[in-house]
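Letter by letter, the chains look like this.
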Amino acid sequence: MEKEEAGDRPKWDNKAQYLLTCVGFCIGLGNVWRFPYLCQSHGGGAFLIPYLIALVFEGLPLLYLELAIGQRLRMGSIGVWNSISPFLGGVGISAMVVSFLVCLFYNALMAWILWYFFHCFQDPLPWSQCPLNDNHTGYNEECVASTPVNYFWYRETLNITPDIEDSGSLQWWMVICLATAWCVVYICFIRGIETIGKAVYVTVTFPYLVLTIFLVRALTLPGATDGLIYLFTPVWETLKSPQVWLDAATQIFFSLSVAFGGLIAFSSYNPPNNNCETDAVVVGVINSATSIYASISVFSILGFKANRNYITCLDSNILALTNHFELGDHNMTVENYDDWISHLNGTFPDEVSSLDLRHCNLQTFLDQSASGTGLAFIVFTEAMIEMPGSQVWAVLFFIMLFSLGLSSMFGNLESVLNPLHELNMVPKWIAKELLTALVCLICFLMSLIFTLGSGNYWLELFNGYVGSVPFLIIAFFEVIGVVYVYGLRRFSEDIQVMTGKKPNIFWKACWTVISPLMLLVVLLAYVAVQLHKHPTYPAWNPNYVDFPLRDVTPYPDWVFAIIVLLSALPVAPIPLVALYRLIRWWIFRRSSEVHRISPNPYVNDGSASVVPFNKTTIVPVPKKTKAITLHTTLSHLDQRNTYLVIRLMDLGLNTSLCDWILNFLTGRPQAVRIGTTTSSTLTLNTGVPQGCMLRPLLYSLFTNDCMFTHSSNTIIKFTDD
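Summary of the structure given here. What you are looking at is a predicted structure, and each value in this text was computed from that prediction instead of being measured. (Residues numbered from 1 in each chain as written. Predicted model: local features only at pLDDT ≥ 70, side-chain atom pairs only at ≥ 80, totals over all residues. Heavy atoms only, no water.)

### Section: the pattern of salt bridges
Inspection of the entire model under this criterion finds eight salt bridges. The shortest N-O distance in the salt bridge between Lys-305 and Glu-382 comes to 4.0 Å. Of the two residues, Lys-305 is situated in helix α15 (residues 276-325) and Glu-382 in helix α19 (residues 373-385); the sequence distance between them amounts to 77 residues. With relative accessibility at 7%, the residue Lys-305 sits in the buried group. Look at Glu-382 and you get partly exposed, because its relative accessible area is 26%. Linking Glu-493 and Arg-489 is a salt bridge whose minimum nitrogen-to-oxygen distance equals 2.9 Å. Of the two residues, Glu-493 and Arg-489 are both situated in helix α23 (residues 469-499); the distance of four residues between them amounts to about one turn of the helix. On the accessibility criterion, Arg-489 (52% relative accessible area) is exposed. (Salt bridge = Lys/Arg side-chain N within 4 Å of Asp/Glu carboxyl O. Helix = DSSP H or I, 4+ residues; strand = E, 2+ residues; numbered from the N terminus. Buried < 20%, exposed > 50% of the residue type's maximum accessible area, 1.4 Å probe, protein only.)

### Here's the deal with the packing of aromatic side chains
Enumeration over the complete set of coordinates arrives at 46 aromatic pairs. Above the ring of Tyr-486, the side-chain terminus of Arg-490 is found at 5.8 Å from the ring centroid. (Phe/Tyr/Trp six-rings, centres within 6.5 Å; stacked < 30°, edge-to-face > 60°. Lys NZ or Arg CZ within 6 Å of the ring centre and 35° of its normal.)

### Some points on the environment of Ser-403
By secondary structure assignment, the location of Ser-403 is in helix α20 (residues 390-422). When the C-alpha positions of Ser-403 and Val-202 are compared, they lie 8.0 Å apart, and in sequence the two are 201 residues distant. Setting aside chain neighbours within four positions, we find Ser-403 in contact with Thr-203, Phe-206 and Pro-207. (Contact = heavy atoms within 4.5 Å.)

### Examining the state of the cysteines
According to the stated counting rule, one finds two disulfides in the structure shown. Across a sulfur-sulfur distance of 1.9 Å, Cys-130 and Cys-143 are joined as a disulfide pair. The chirality of the disulfide connecting Cys-130 with Cys-143 is left-handed, given an S-S dihedral of about -85°. In this pair, Cys-130 is assigned in the loop between α6 (89-118) and α7 (141-145) and Cys-143 in helix α7, connecting sequence segments 13 residues apart. For Cys-130, a relative accessible area of 16% gives the class buried. Residue class for Cys-143 comes out buried when judged on its relative accessible area of 1%. Note on cysteine connectivity: Cys-313 is disulfide-linked to Cys-360, with sulfurs 1.8 Å apart. Disulfide Cys-313 to Cys-360: torsion about the S-S bond roughly -85°, handedness left-handed. (Disulfide = S-S within 2.5 Å.)

### Quick look at a nonpolar patch on the surface
A surface patch of nonpolar side chains, amounting to about 490 Å² of accessible area, comprises Leu-579, Leu-582, Ile-583, Trp-586 and Ile-587. If you trace the backbone, Leu-579 turns up in helix α26 (residues 573-590). (Patch = residues over 30% accessible without salt bridge, like charges linked within 9 Å, V, L, I, M, F, W, Y side chains within 5 Å. Areas by Shrake-Rupley, 256 points an atom, 1.4 Å probe, with all protein chains shown as cover.)

### Regarding the environment of Ile-286
Assignment of secondary structure puts Ile-286 in helix α15. Distance from Ile-286 to Val-23, taken between C-alpha atoms, is 7.4 Å for residues 263 residues apart in sequence. Apart from the residues lying within four places of it in its own chain, the contact partners of Ile-286 are Val-23, Ile-27 and Tyr-208.

That is the geometry; function is a separate question.
Have a look at this one:
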């Protein structure tokens, strides 16, 4: 990992590291276990139409915006939004809070994956058969009533309670797995992007290798083509349902990992002239292509599973009919079953009906898909039991899931650690490695709730409500902030400096109208759907009358209150910070009648005198340069090692003029230049909080929270003459 010529901000060793990290952050467990389910349940191939529309008009523009603004301002999420407007400072804080909550439950998923991985080396696989009861006189009743796969997941893994109000106790085996998962994350992240830049070479590429191996193997199994036909056969009527369009928009939004803040931080480590437009398109296309590719592999396996279940169903009926009618052992087969059943129904209808035969339909077994943990730990594990060499396939499958989750955790953790540095919440003497360890330890302790007997219920609750409304709100304010506060013209000029060309009409149309409108519609539609129903959850209750079906139970009122808090509290910093900055500005304006200033307003010698606030000095500048108005007040500054960053790009000032202005203001050069002659960033040692950036022609320090911070009272304003 290299350092830039100016400043201590690290940068990527090469472009491949950066792209792999972004791809790994975007591509996670949802690409494997949620997209295939949505595609299957929403009309197969027809679902790709709203999905691709959402990708083009919502996903890619938001991804491009985050990569561009992070690369241009060279800051994390906190610094970026404070720079654009101090009133938007809460956006970065909200992104950090949401990322922290996601870290809590996301690594609990990793712990479950590790638990299954540790059991993959047994022969036979432990979820392939029911265990004996306590008396060793038969099989466990709960397992017999359900299936071995369900029993291993709900009882052996989770030891789940009948409802969310019964917390149960900590499951020591899951505590160990959770601690192991956090240790792996810490080791990979111990030096920030310096170490994760190396880890992504494995964690990002390995899942593609496993998916390819699974696809090749699955295509040689009977029933694989049935699964693929079922997956991609379009059912056009489903496009009339608003829920299909809502699910497509939310899926593409969440799978690209926008609004976390991680992509902004990752892009800030790029060189200033990197082509962020190409990066956004490449990452977005790879993400969607991976979802489709994973669906092909997954449903090839599920088609094989459905075919095996269908044949098993027919074999049980054939055995019953053969024994009852005393047929020859090989007279009735799977191939001629339909002919035989038609003949027997026509000849002995009463006897056939008395046998209580099972209804065997391949379509019914194909319909038995699942999403999320149900797909990974129940449906897919059951399919692997039927595959030759099941232990090998189980090991590959869970290593793949762990790699996907690990690469996503890199972005989640970066979205937490980077803002902590920018908020100056961490003392300088704390090393990066120690801070990472402390954050991982805090996350581990808080995520112990997911190792309780009710942990699965809480994880589903966090996943459903933390990862929904807050991200939509954050992304909406991001678009509004860049386009309508920072300014589309200025943003376009920034992109031109970086890429050599301004964004085309498509990107501008998406940023100004289409993307914010889609975000608003999706947000309102999601809230409307949630308000029309009381939240429920499926409980695993062996005493339920229809067991092994899940007991769908409404959340208790106190849990419903927690749901509201999880949806609202993460985005509360957005209005609170804006209100705080507004109050500070109002107080300053009321108290700005008299200020002190040093005898020489351009020398920071610590002396002071009293002058009116509207004291104005016109700084003479060379010909053909815009005039600059300098408002000065008290120049007495504290000696803290903090900085004020001033951008002079919009005034068209060259670097020599910047040096001249600094000498005029301070009596000696106290700045570090970053950029070209057409885009200079100056850093003044003025005691103002690091990362507070002036916007020439629009803002001055007295309109934001940087004024009068501690004992730092310097106010500077650049305007057109």
